Amino acid sequence: MRLLFPSVFLCLIFMSIATHASEMPNNKTILTVSGAISAERQVKFDMTMLQTLPQYSITTHNPWAKGLHTYQGFSAIDLLKRLGSQSTLLQVTALNDYMTEIPVSDFAENGAIFATHQDGKPMSVRNLGPIMVIYPFDERKELKSELFYGRSIWQIRHIKAMAITE
Ligand SMILES: Nc1nc2c(c(=O)[nH]1)N[C@H]1C(S)=C(S)[C@@H](COP(=O)(O)O)O[C@H]1N2
Ligand SMILES: [Mo]
């Protein structure tokens, strides 16, 4: 978003060449996506597939890591676009079965990302990976609240795109 780094632009150019190279995971599946998507069943993603999505960066402090860190990852908006989904609400589940609902609008208006890398390195499960929701906490004071901390789910393994209900 506003915090895109030049290196991310280079990555984007490279990745646009490699896009769609892999529609099926060749390596370990780290994320499954189900629900209101165009595919009949859940879609599996490995890290390589997640990195074919446009990459965004946030540099911020947060309550779960000491010091200032740069987080890099993908947006729910691009993920849903890739999966042909018009969902506006995600149900996100962690390895420990913690679950939270995140409005897709948080990824535009509140600048959230699904971070897969911290300071350029893939996030291990021990380091709250493989995927963690990060908000630009330093940029906007109102994000430092229980509401957004509760949505800051780490060790993500599954995303369900909720169907739009009347
Ligand atoms: N994977 C996972 N993410 C999670 C949680 C959890 O239990 N598991 N708790 C959430 C809630 S409700 C809040 S307020 C913060 C709590 O972080 P803390 O336990 O470090 O205070 O993380 C959020 N992310
Ligand atoms: Mo919480």
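What you see is a predicted model, and the numbers here were worked out from it, not measured in a lab. (Residues numbered from 1 in each chain as written. Chains lettered and ligands numbered in written order. Predicted model: local features only at pLDDT ≥ 70, side-chain atom pairs only at ≥ 80, totals over all residues. Heavy atoms only, no water.)

Let's talk about the packing of aromatic side chains
Each aromatic ring pair is described using two quantities: the centre-to-centre distance and the angle formed by the ring planes. Taken as a whole and assessed by the stated rule, the structure comprises eight aromatic pairs. Judged by centre distance (5.8 Å) and plane angle (90°), the ring pair of Trp-64 and Tyr-149 falls under edge-to-face. One end of the pair, Trp-64, is in the loop between strand S3 (56–62) and strand S4 (65–74); the other, Tyr-149, is in helix H4 (residues 146–151), and 85 residues separate them in sequence. Judged by relative accessible area, which is 27%, Trp-64 ranks as partly exposed. Ring centres of Trp-64 and Trp-154 lie 5.8 Å apart, and the angle between their planes is 55°; this geometry places the pair in the tilted category. With Trp-64 in the loop between S3 and S4 and Trp-154 in the loop between H4 and strand S10 (156–161), the pair connects residues that are 90 residues apart, well separated along the chain. By relative accessible area, which is 31% here, Trp-154 ends up partly exposed. (Phe/Tyr/Trp six-rings, centres within 6.5 Å; stacked < 30°, edge-to-face > 60°. Helix = DSSP H or I, 4+ residues; strand = E, 2+ residues; numbered from the N terminus. Buried < 20%, exposed > 50% of the residue type's maximum accessible area, 1.4 Å probe, protein only.)

Focus on the side chain of Thr-116
By the secondary structure assignment, Thr-116 is in strand S7 (residues 113–118). A polar contact of 2.8 Å, which involves the side chain of Thr-116, links it to the side chain of His-117. Filtering out sequence-adjacent residues up to four positions away, Thr-116 remains in contact with Met-47, Leu-50, Gln-72, Gly-73, Phe-74, Lys-121, Pro-122, Met-123, Pro-130 and Ile-131. (Polar contact = N/O pair within 3.5 Å; in protein donor to acceptor, adjacent residues only side chain to side chain. Contact = heavy atoms within 4.5 Å.)

Section: the sheet that holds strand S2 (residues 43–45)
Strand order in the open sheet formed by five strands is S2-S1-S10-S5-S6, and the pairing between neighbours is mixed. Strands at the two margins of the open sheet, each flanked by one partner only, are S2 and strand S6 (99–103). Each strand axis lies, on average, 25° off the axis of its neighbour in the sheet, ignoring direction. In this structure, strand S5 (residues 89–94) lies alongside S6, joined through five bridges in antiparallel fashion. Paired with Thr-93 across the two strands is Met-99, which belongs to S6. (Pairing = 2+ DSSP bridges. Axes fitted to C-alpha atoms, helices over the stretch in contact; angles between N-to-C directions.)

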